[in-house]
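Close look at the chain arrangement
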Amino acid sequence: MREASVRIQRTSVGLDVHARSVVAAALDGVTGEIRRARLTPEYRALAGWLALLPGPVAVTYEAGPTGFGLARFLAGAGVECRVAAPSKLQRPAGDRVKTDARDALHLAKLLHLGEIVEVTLPSVSQEAARDLVRAREDVRSDLMGARHRLSKLLLRHGIVYYGGKAWTGMHDTWLRQQRFDQRGLQMAFDAAYETVVGIVDRRDRLDVAIEEMAADSEFTPVVNRLGCLRGVSTLTAFGLAVEIGDWDRLTGRRIGAYLGMVPTESSSGGSRSQGGITKTGNGHARRLLVEAAWHHRPRYNPASVPLRRRWDRAGAIARTRGHAGNQRLHARWKAFDARSKKPSVANAAIARELAGWCWSLATLEE
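How each quantity is defined
Residues numbered from 1 in each chain as written. Predicted model: local features only at pLDDT ≥ 70, side-chain atom pairs only at ≥ 80, totals over all residues. Heavy atoms only, no water. Helix = DSSP H or I, 4+ residues; strand = E, 2+ residues; numbered from the N terminus. Buried < 20%, exposed > 50% of the residue type's maximum accessible area, 1.4 Å probe, protein only. Contact = heavy atoms within 4.5 Å. Areas by Shrake-Rupley, 256 points an atom, 1.4 Å probe, with all protein chains shown as cover. Lys, Arg positive; Asp, Glu negative; His and termini not counted. Charge placed at Lys NZ, Arg CZ, Asp CG, Glu CD. pLDDT = per-residue confidence, 0-100. 1 Å grid on protein atoms, 1.4 Å probe; cavity = no way out; pocket = protein on both sides within 12 Å on 5 of 7 lines; lining within 4 Å. Points joined across faces, edges and corners; volume = space filled by probe spheres on them. Nonpolar A, V, L, I, M, F, W, Y, C, P; charged D, E, K, R; others polar. Disulfide = S-S within 2.5 Å. Salt bridge = Lys/Arg side-chain N within 4 Å of Asp/Glu carboxyl O. Phe/Tyr/Trp six-rings, centres within 6.5 Å; stacked < 30°, edge-to-face > 60°. Axes fitted to C-alpha atoms, helices over the stretch in contact; angles between N-to-C directions. Left-handed = near helix turned anticlockwise from the far one by under 90°. Expected span 1.5 Å × (residues − 1). Polar contact = N/O pair within 3.5 Å; in protein donor to acceptor, adjacent residues only side chain to side chain. Patch = residues over 30% accessible without salt bridge, like charges linked within 9 Å, V, L, I, M, F, W, Y side chains within 5 Å.

Topic: the overall build of the chain
On a plain count of helices and strands, the chain comes out with 13 helices and 9 strands. Overall, the chain is about 80 × 60 × 50 Å in size when its C-alpha atoms are taken along their principal axes. Counting across all 366 residues of the chain, residues that qualify as buried make up 42%. For the chain, the share of sequence-separated contacts (at least 6 apart) that also reach a separation of at least 24 residues comes to 63%. Surface exposure of the chain reaches about 19800 Å², of which carbon and sulfur atoms provide 53%. Computing the positive centroid from 55 side-chain charges and the negative centroid from 38, the chain places the two 7 Å apart.

As for the confidence of the model for the chain
Mean pLDDT over the chain works out to 92, with 98% of the residues at or above the 70 mark. Looking across the chain, the model is least confident in strand 1 (residues 2-3), with a mean pLDDT of 51, and most confident in helix 6 (residues 183-215), with 96.

Structural notes on the layout of surface pockets
Considering only enclosed or pocket space, the second largest pocket measures out at about 460 Å³ in volume. Elements with a minimum of two residues in the lining of the second largest pocket: helix 4 (124-156), helix 6, helix 8 (234-244) and helix 10 (283-294). Looking at the lining of the second largest pocket element by element, the count peaks at 7 residues for helix 4. For the lining of the second largest pocket, a count of residues per class yields 7 nonpolar, 6 polar and 7 charged.

Regarding the state of the cysteines
Enumeration over the complete set of coordinates arrives at 0 disulfides. Cysteine Cys-228 remains unbridged, with the sulfur of Cys-358 as its closest cysteine sulfur at 11 Å. Among the residues examined, Cys-228 registers a relative accessible area of 0% and is labelled buried.

Topic: the environment of Asp-246
If you trace the backbone, Asp-246 turns up in the loop between helix 8 and helix 9 (255-258). Distance in space between the C-alpha atoms of Asp-246 and Glu-194 is 41 Å, their sequence separation being 52 residues.

Examining the pattern of salt bridges
Overall, the coordinates contain 22 salt bridges when judged by the stated rule. Arg-272 is paired through a salt bridge with Glu-265; the nearest N and O atoms lie 3.1 Å apart. You can call Arg-272 exposed: its relative accessible area is 61%. Assessed through its relative accessible area of 46%, Glu-265 is described here as partly exposed. For Arg-297, the salt bridge goes to Asp-337, with nearest N and O atoms at 3.1 Å. With a gap of 40 residues between them, Arg-297 in the loop between helix 10 and helix 11 (305-312) and Asp-337 in helix 12 (residues 316-338) connect regions that are remote in the sequence. Overall, Arg-297 belongs to the partly exposed group, its relative accessible area being 33%. Among the ionic contacts, a cluster of salt bridges with common partners joins Glu-62, Arg-91, Lys-98 and Asp-103.

Side note on unusual backbone geometry
In this structure, Pro-56 follows Gly-55 across a cis peptide bond, with omega equal to -5 degrees. Relative to the elements of secondary structure, Pro-56 occurs in the loop between helix 1 (43-51) and strand 5 (57-62). At Trp-167, a residue that is not glycine, the phi angle is positive and equals roughly 65 degrees. With relative accessibility at 29%, the residue Trp-167 sits in the partly exposed group.

Quick notes on the packing of aromatic side chains
Counted according to the given criterion, the structure contains 6 aromatic pairs. Members of the aromatic cluster, joined through ring pairs, are Phe-180, Phe-189 and Tyr-193.

Here we look at the packing of helix 4 against helix 10
Contact geometry for helix 4 and helix 10: axes closest at 12 Å, N-to-C directions at 65 degrees. Crossing geometry of helix 4 relative to helix 10 is assigned as left-handed. Along its contact with helix 4, which presents Val-133, Glu-137 and Arg-140, the element helix 10 presents His-284, Arg-287 and Glu-291. Counted by class, the contact of helix 4 with helix 10 contains 1 nonpolar, 1 polar and 4 charged residues.

Details of helix 4
With 33 residues, helix 4 extends 48 Å from end C-alpha to end C-alpha; this agrees with the ideal 48 Å at 1.5 Å per step. After helix 4 finishes, the residue Gly-158 shows a positive phi value of roughly 75 degrees.

Topic: the side chain of His-296
Tracing the sequence through the fold places His-296 in the loop between helix 10 and helix 11. From its side chain, His-296 meets the backbone oxygen of Arg-230 in a polar contact 3.0 Å long. When neighbours within four sequence positions are excluded, His-296 is seen to be in contact with Arg-230, Asn-326, Leu-329, His-330, Trp-333 and Leu-354.

Structural notes on a nonpolar patch on the surface
A cluster of nonpolar side chains, Leu-155, Val-160 and Tyr-162, forms an exposed patch at the surface whose accessible area comes to about 350 Å². Structurally, Leu-155 is set in helix 4. Since its relative accessible area comes to 46%, Leu-155 is described here as partly exposed.

What follows is the structure in structure tokens.
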């Protein structure tokens, strides 16, 4: 996100966009006149209403479930459009009345004052890749739930697997051998098991699609460089690449705050109080980094075959920087363990620093 620079427009338009309606408020910066309208979400109808306003015209609306199609359409029609970051909108503390019309006018006033903080508009290809990554994330969540329901169904009937790690080939063979005398129980088990098998198949197909796109797309160079770090496999690297997009808009210091990985703070006067991480920003990218950070706790082995394979796809400078990052993060883990730091707290700190190393590799010019 970035704070919009002050630009000159006569009419500032705020839009409260919903799936079936758009409430618009236009503020004339010369006369102070306010015009309101309730429109359909059809882009051409909105463009026709904007054409009736005194120009030049600038438009803003909040980022949300309606996506960026409207912003792209208006930009193509020559209308300046800024997509506002909802979490950065300034609102009066005493304003307790919220309606679509008031929200639209509030956006128009902020736009007129140059107080809109914009989100970065992704390209069509980046948004498509992001949808693919998030579909894979949804499947991961579905699989966890399906496996949990299946295992707890068996547990309720006193059936527990003791043959080793669950959800392996041997465990799957054991599951397929389960038979029940009661027809209802057998049907319930079959339905739960078939659900797990179906979700695994969906996950594998998405994994193949991500691997193919990571190997031949605009994100390939960044993915290859990020893979020089431990815990950052192709799926993780591709997810970070498409979720963050333009790494150059950030810095090594800012990326931790951007991903919500810095401590909350409440300080006043001589007192200073810090809490857990803020958890603002992109939650998917944050989860990927937190999971990757755990991989830096075990002993670092530069001769690891998977790591070497990823290094072979990157340049010499990226390999050197990745090696330095791996050494540094493992040393940090050792220091935290020596101090008996709570592992979850230590891992959050490692993930925050890992984000900086990822930024360093993503912006690297070889």
